[in-house]
Amino acid sequence: MKKALIIGANGQLGSDIDSCLLKHNYVTLIPNHSELDIVDFEKIKQYLSNHKPDVVINTAAYHHVDLCEENPELATKINTVAPTNLSIICKEMNIKFIHFSTDYVFDGVKHKPYIESDYPNPLNVYGRTKFEGEKGVMLENSHALVIRISAIYGVNPCRAKNGLNFIQLMLKLAKEKDELNVVGDEIVSPTATYDIANLLPILIEKEVCGIIHLTSEGECSWHEFASEIFNYTHTQIKLNKVDSAFFPAKTPRPKYSVLENESIKSKGIQSLPHWRDALHNYLNNIKN
Ligand SMILES: NC(=O)c1ccc[n+]([C@@H]2O[C@H](COP(=O)([O-])OP(=O)(O)OC[C@H]3O[C@@H](n4cnc5c(N)ncnc54)[C@H](OP(=O)(O)O)[C@@H]3O)[C@@H](O)[C@H]2O)c1
């Protein structure tokens with residue numbers, strides 16, 4: 001039986017990883033943030049030598065994009081220094097290290113899906129500190145695995161963003177309003193955390209390392225995504241398509257951040273479902 005330490009196990013992604021690994025007969029260690037802070041190098045070392053997991057999965061991040069601009073030092077500590085240190089310790093202790101990164105390492109000007117070998121050019125502090133984190137993790141430990149994901153949604157809320165995911169927010173707003181404005185010029189691949197979690201046992205078993213992309217197939221704007229949510233749930237609402245300038249953002253974000261899962265496909269690993277199918281699954285699950 002494999003033993004996995006999941007850092008951030010009460011988060012949106014971490015909670016699905018925990019349930020998925022349990023289904024695959026892993027023993028999971030799930031300390032919360034106050035019990036194990038990834039910036040505390042000595043405590044992490046002590047924890048790993050006491051518990052000796054086979055794999056460490058780090059979902060923890062400082063990822064509220066506007067707060068990262070205000071606190072770049074904290075963002076660097078959590079998104080760059082801590083994962084780099086985790087990678088070093090895991091290498092020393094012969095533990096597989098898996099770390100999550102983001103589509104925000106790219107600037108969005110390619111307008112075609114980004115592949116793993118495209119060179120990042122982040123537009124904000126969050127993206128920059130995550131990119132530095134990826135480099136630190138891989139430079140220190142070539143057996144580590146960095147997984148870039150994008151626009152995730154799960155059953156549990158995103159703790160850093162403190163609230164509902166996009167789907168839950170749309171369904172809530174539709175109950176309160178007759179009309180909604182949703183951005184039509186930001187293109188993403190919305191991805192269910194369940195689908196990411198479900199692939200982890202395969203990635204571990206196949207000893208995949210390096211940087212990989214893991215998102216739902218296909219792409220859509222937030223407006224198209226909202227439209228599919230309302231169609232599938234037979235929700236009556238007037239949905240307007242607006243430009244991102246309609247909701248002025250403090251921090252620049254890529255307008256196109258679709259990731260192509262080229263690396264896993266080249267290894268013969270089955271990719272994730274199309275975003276539309278994944279959305280339907282999610283809506284069926286929350287209904288039940
Ligand atoms: N959300 C997205 O749309 C998105 C998109 C692309 C990539 N990502 C990446 O995906 C990963 C997971 O995102 P998520 O939405 O699941 O995040 P989340 O819901 O905010 O969960 C993050 C978890 O990490 C814990 N944590 C934060 N700082 C920590 C620290 N210093 N030490 C230990 N634990 C700490 C949090 O605990 P507390 O809440 O108790 O502090 C929480 O349990 C992150 O790496 C993020 O950069 C997310």
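Residues numbered from 1 in each chain as written. Predicted model: local features only at pLDDT ≥ 70, side-chain atom pairs only at ≥ 80, totals over all residues.

Observations regarding the packing of helix 2 (residues 41-51) against helix 4 (residues 72-93)
Logical step 1: For the pair helix 2 and helix 4, the least separation of the axes is 11 Å and the interaxial angle reads 30 degrees. One way to sum up the angle between helix 2 and helix 4 is to call them roughly parallel. Relative to helix 4, helix 2 is oriented so that their crossing is right-handed. Contacts between helix 2 and helix 4 involve Phe 41, Ile 44, Lys 45 and Leu 48 from the first element and Asn 85, Leu 86, Ile 89 and Met 93 from the second.
Logical step 2: Grouping the constituent residues of the contact of helix 2 with helix 4 by class yields six nonpolar, one polar and one charged. (Axes fitted to C-alpha atoms, helices over the stretch in contact; angles between N-to-C directions. Helix = DSSP H or I, 4+ residues; strand = E, 2+ residues; numbered from the N terminus. Parallel < 35°, antiparallel > 145°, perpendicular 65-115°, else oblique. Left-handed = near helix turned anticlockwise from the far one by under 90°. Contact = placed C-beta atoms within 7 Å. Nonpolar A, V, L, I, M, F, W, Y, C, P; charged D, E, K, R; others polar.)

Regarding the nonpolar core
Logical step 1: Ranked by size, the top nonpolar core spans 77 residues in total, and within it Ile 17, Ile 147, Leu 200 and Leu 214 carry the most contacts.
Logical step 2: Of the residues forming this core, the biggest block, seven residues, is contributed by helix 7 (residues 193-205).
Logical step 3: Leave out the neighbours within four places in its chain, and Leu 200 touches Ile 17, Cys 20 and Leu 21. (Core = buried A, V, L, I, M, F, W, Y, C linked by C-beta atoms within 7 Å. Buried ≥ 20, exposed ≤ 12 C-beta atoms within 10 Å, placed from the backbone.)

Things to note about the environment of Lys 91
Logical step 1: Among the secondary structure elements, Lys 91 is positioned in helix 4.
Logical step 2: Put simply, Lys 91 and Glu 140 are 49 residues apart on the chain and 7.9 Å apart in space, counted from C-alpha to C-alpha.
Logical step 3: Residue contacts for Lys 91: discarding those within four places in its chain leaves Glu 140 and Asn 141.

Examining the site of the ligand
Logical step 1: Taken together, 27 residues lie near the ligand, and Gly 8, Gly 11, Ala 60, Ala 61 and Arg 159 sit nearest.
Logical step 2: For the shell around the ligand, the secondary-structure elements that each account for two or more residues are helix 1 (12-23) and strand 4 (96-102).
Logical step 3: The dominant element in the shell around the ligand, judged by the number of residues it contributes, is helix 1, at three residues. (Near = placed C-beta within 6 Å.)

Section: helix 2
Logical step 1: Every buried residue of helix 2 is accounted for by Ile 44, Tyr 47 and Leu 48. The buried side chains of helix 2 occupy one side of the element, clustering within an arc of 95 degrees when seen end-on. Opposite the packed face of helix 2, turned more than 90 degrees from it, sit the exposed residues Glu 42, Gln 46, Ser 49 and Asn 50.
Logical step 2: On its buried face, helix 2 sits against helix 4.
Logical step 3: Phi turns positive, to about 45 degrees, at Lys 52, one or two residues after helix 2. (Arc of directions from axis to C-beta.)

Section: the environment of Ile 212
Logical step 1: Tracing the chain through its elements places Ile 212 in strand 10 (residues 210-213).
Logical step 2: With 23 C-beta atoms packed within 10 Å, Ile 212 lands in the buried category.
Logical step 3: A sequence separation of 67 residues divides Ile 212 from Leu 145, and the C-alpha atoms of the two residues are 7.6 Å apart.
Logical step 4: Residues within four places of Ile 212 in sequence aside, it is in contact with Glu 116, Leu 145, Ile 147, Ser 263 and Ile 264.

Comments concerning the packing of helix 4 against helix 5 (residues 125-140)
The relative placement of two packed helices is expressed as an angle between their axes plus a distance between the axes.
Logical step 1: One can describe the packing of helix 4 onto helix 5 by two numbers: an axis separation of 8 Å at closest approach and a directional angle of 15 degrees. Classed by the angle they form, the pair helix 4 and helix 5 counts as roughly parallel. Note that helix 4 runs across helix 5; the crossing there is right-handed. Contact residues: helix 4 offers Pro 72, Ala 75, Thr 76, Asn 79, Thr 80, Pro 83, Thr 84, Ser 87, Ile 88 and Lys 91, while helix 5 offers Val 125, Tyr 126, Thr 129, Lys 130, Glu 132, Gly 133, Gly 136, Val 137 and Glu 140.
Logical step 2: When grouped by side-chain class, the residues that make up the contact of helix 4 with helix 5 number seven nonpolar, eight polar and four charged.

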